[in-house]
Amino acid sequence: KEDAVLIVGVGGGVGSFAIQCIQGAGVEKIFTVAKNESSADYLVKHLGIPRSHIVLYQGVSFEELKKQLLALNGGRFFNATIDLVGKEMKKLCLDLTGYSGHFSTIVPEKDFNYPTWNENATPRMRNASLLQVMVGAELASLDRSDWKIYQQHFKQISNLKVPHIQVVGSLSVQTVQKAHALLEDGSVKGKLVMII
């Protein structure tokens, strides 16, 4: 209950599931960022994140964003940080992961420039654990007993609720193009659905 978690990208489909897992673990101090007031309103209304735990990042420098998030958490680093966005937000999470804290990401990066393994790197100096998550990775194993792990994950995920669904239309080339445009625009909240 005393743990403080920072999760970025919580407004998307994966984030809406992640927030339920965090809340289900009994964590009450959940913090995040939003692009603007409209996005913050969505997080409050659909995900139950208190407005006082959301920092707006549009037009805010990286260092100022860090300062604001630390201030919300009483000047302390976070026990856990979760990156669902990548790039600068991944760096933000790594910078704000506390001592013996945990950092998780679902976003692979080709050219991610962050000192992770050198002697004075922040994760090393704070004894932070780093975790890359890919649900379903076990299906690549030739040992079918590993597949049970994915089955367990899938069972847990299938019991979660999708807090917001946006119906794009009937499945067609046009609706797929529309869905991709929405995703590329970065304005999608929750899950996009096409009717078959």
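Residues numbered from 1 in each chain as written. Predicted model: local features only at pLDDT ≥ 70, side-chain atom pairs only at ≥ 80, totals over all residues. Heavy atoms only, no water.

Visitor: Explain the pattern of salt bridges to me, please; I cannot follow it from the model alone.
Guide: Any two side chains of opposite charge can pair if their charged atoms end up close together. If you walk through the whole model with that rule in mind, you get six salt bridges. When the shortest N-O distance is used, the salt bridge between D83 and K90 registers 3.8 Å. Residue D83 is classed as buried on the basis of its relative accessible area, which comes to 0%. Note that K90 and E109 form a salt bridge whose closest N and O atoms lie 3.2 Å from each other. Residue K90 is found in helix 4 (residues 87-96), and its partner E109 is found in the loop between strand 5 (97-105) and helix 5 (122-125); the two are separated by 19 residues along the sequence. Residue class for E109 comes out partly exposed when judged on its relative accessible area of 27%. (Salt bridge = Lys/Arg side-chain N within 4 Å of Asp/Glu carboxyl O. Buried < 20%, exposed > 50% of the residue type's maximum accessible area, 1.4 Å probe, protein only. Helix = DSSP H or I, 4+ residues; strand = E, 2+ residues; numbered from the N terminus.)

Visitor: Help me understand the side chain of T105 in this model?
Guide: Position of T105 among the secondary structure elements: in strand 5. Every residue in contact with T105, bar those within four places of it in the chain, is listed here: D83, K90, L131, Q132 and V133. (Contact = heavy atoms within 4.5 Å.)

Visitor: Just to check I follow, could you spell out helix 1 (residues 13-24) for this structure?
Guide: Quick reminder: α-helices carry 3.6 residues per turn. Residues three or four places apart thus point the same way. Taking 1.5 Å as the rise per residue, helix 1 with twelve residues should run 16 Å; its terminal C-alpha atoms sit 17 Å apart, in good agreement. Those residues of helix 1 that fall on the buried side of the exposure criterion are G13, G15, S16, F17, A18, I19 and I22. Those residues of helix 1 hidden inside the fold are in contact with strand 1 (4-8), strand 2 (29-34), helix 2 (37-47), strand 4 (78-83), helix 6 (147-158) and strand 8 (191-195). (Expected span 1.5 Å × (residues − 1).)

Visitor: How should I be thinking about the nonpolar core in this particular structure?
Guide: Considering soluble globular proteins, one finds that nonpolar side chains tend to be buried as a cluster. Of all hydrophobic cores here, the largest spans 18 residues; its most connected members are I7, V10, I19, I22, L43, L47 and I49. For this core, the element with the highest residue contribution is helix 2, accounting for four residues. Setting aside residues up to four positions removed in sequence, I49 forms contacts with V10, I19, I30, T32, L43, V44 and I54. (Core = buried A, V, L, I, M, F, W, Y, C linked by side-chain atoms within 4.5 Å.)

Visitor: Help me out: how do you make sense of the side chain of T97 in this one?
Guide: Within the secondary structure layout, T97 lies in strand 5. Among the residues examined, T97 registers a relative accessible area of 2% and is labelled buried. Of the polar contacts made by the side chain of T97, one reaches the side chain of T81; its length is 2.7 Å. What T97 contacts, discounting residues up to four positions off in sequence, is F77, F78, T81, H102, F103, R126 and A128. (Polar contact = N/O pair within 3.5 Å; in protein donor to acceptor, adjacent residues only side chain to side chain.)

Visitor: What should I look at first to understand helix 2 in this one?
Guide: For helix 2, the complete set of buried residues consists of S39, A40, Y42, L43 and L47. Relative to the axis of helix 2, the buried residues are bounded by an arc of 155 degrees and lie together on one face. Away from its buried face, by an angle of more than 90 degrees, helix 2 presents the exposed residues S38 and K45. On the buried face of helix 2, the contacting elements are helix 1, strand 2 and strand 3 (54-56). Two or three places before S38, at the start of helix 2, stands the capping residue N36, its side-chain oxygen 3.2 Å from that residue's backbone nitrogen. Residue G48 follows helix 2 closely and has a positive phi angle near 75 degrees. (Arc of directions from axis to C-beta.)

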